[in-house]
Amino acid sequence: WGFSAASSKLRRNIVDEGGLGPLCRLLPSSVKDHQLSHDIIACLCNLSQENEIKFEITRSGAVSTLLSCMESDNPTIAYYACECLANLSEMVENQGYLARSGVITPCASVM
């Protein structure tokens, strides 16, 4: 997939306008609601495509809930959670934080 400059700008606007915080705060309470979890995780996964946003997502408090979502009985939610964490780990500056957050073992177990 190629992402256009316009969609890249829209992603940045979501974060710059304060959208990341509410998504991350809503995510833990959405775990029992599969549709809401799906929508939030898909949005975070989409945002995590942008290198400039990866650091912000990692430090937002979403990592622990993404780990929980990897164990969802809904395979799409689990997939998006894994993909989002994989995207976040592409940034060298995030790797130590993610490792200390306990991401490695759960990610390895779903392979």
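Residues numbered from 1 in each chain as written. Predicted model: local features only at pLDDT ≥ 70, side-chain atom pairs only at ≥ 80, totals over all residues. Heavy atoms only, no water.

Looking now at the nonpolar core. Core analysis: the largest hydrophobic core is formed by 25 residues, its most contacted members being L20, L27, L44, L47, L66, L85 and L88. Those elements that provide at least two residues to this core are α2 (20-26), α3 (34-47), α4 (51-58), α5 (63-69) and α6 (75-89). (Core = buried A, V, L, I, M, F, W, Y, C linked by side-chain atoms within 4.5 Å. Buried < 20%, exposed > 50% of the residue type's maximum accessible area, 1.4 Å probe, protein only. Helix = DSSP H or I, 4+ residues; strand = E, 2+ residues; numbered from the N terminus.)

The interhelical angle for the contact between α4 and helix α7 (residues 92-100), taken along N-to-C directions, is 25 degrees, at an axis separation of 10 Å. Considered as vectors, α4 and α7 are oriented roughly parallel to each other. Along this stretch, α4 crosses α7, giving a crossing that reads as left-handed. Where α4 approaches α7, its residues K54, F55 and T58 are matched on the opposing element by N94, Y97 and L98. (Axes fitted to C-alpha atoms, helices over the stretch in contact; angles between N-to-C directions. Parallel < 35°, antiparallel > 145°, perpendicular 65-115°, else oblique. Left-handed = near helix turned anticlockwise from the far one by under 90°. Contact = heavy atoms within 4.5 Å.)

Within the element layout of this structure, K54 appears in helix α4. At 2.9 Å, the side chain of K54 and the side chain of N51 are in polar contact. Other than its neighbours up to four places away in sequence, K54 contacts S48, Q49, N87, L88, E90, M91 and N94. (Polar contact = N/O pair within 3.5 Å; in protein donor to acceptor, adjacent residues only side chain to side chain.)

What follows deals with the packing of aromatic side chains. With the rule as written, the count across this model stands at one aromatic pair. Directly above the ring of Y97 sits R59, whose terminal nitrogen or CZ lies 4.3 Å from the centroid. (Phe/Tyr/Trp six-rings, centres within 6.5 Å; stacked < 30°, edge-to-face > 60°. Lys NZ or Arg CZ within 6 Å of the ring centre and 35° of its normal.)

Here A99 shows up in helix α7. The spacing of A99 and S89 is ten residues in sequence and 9.2 Å in space, taken between C-alpha atoms.

Quick look at α3 now. When the terminal C-alpha atoms of α3 are compared, their 20 Å separation across 14 residues agrees well with the 20 Å that a helix rising 1.5 Å per residue should span. Looking only at α3, the buried set comprises S37, I40, I41, L44, C45 and L47. Angularly, the buried residues of α3 cover 160 degrees about the axis, an arc narrow enough to put them on a single face. Sitting at the amino-terminal end of α3 is D33, which places a side-chain oxygen 3.2 Å from the backbone nitrogen of Q35. (Expected span 1.5 Å × (residues − 1). Arc of directions from axis to C-beta.)

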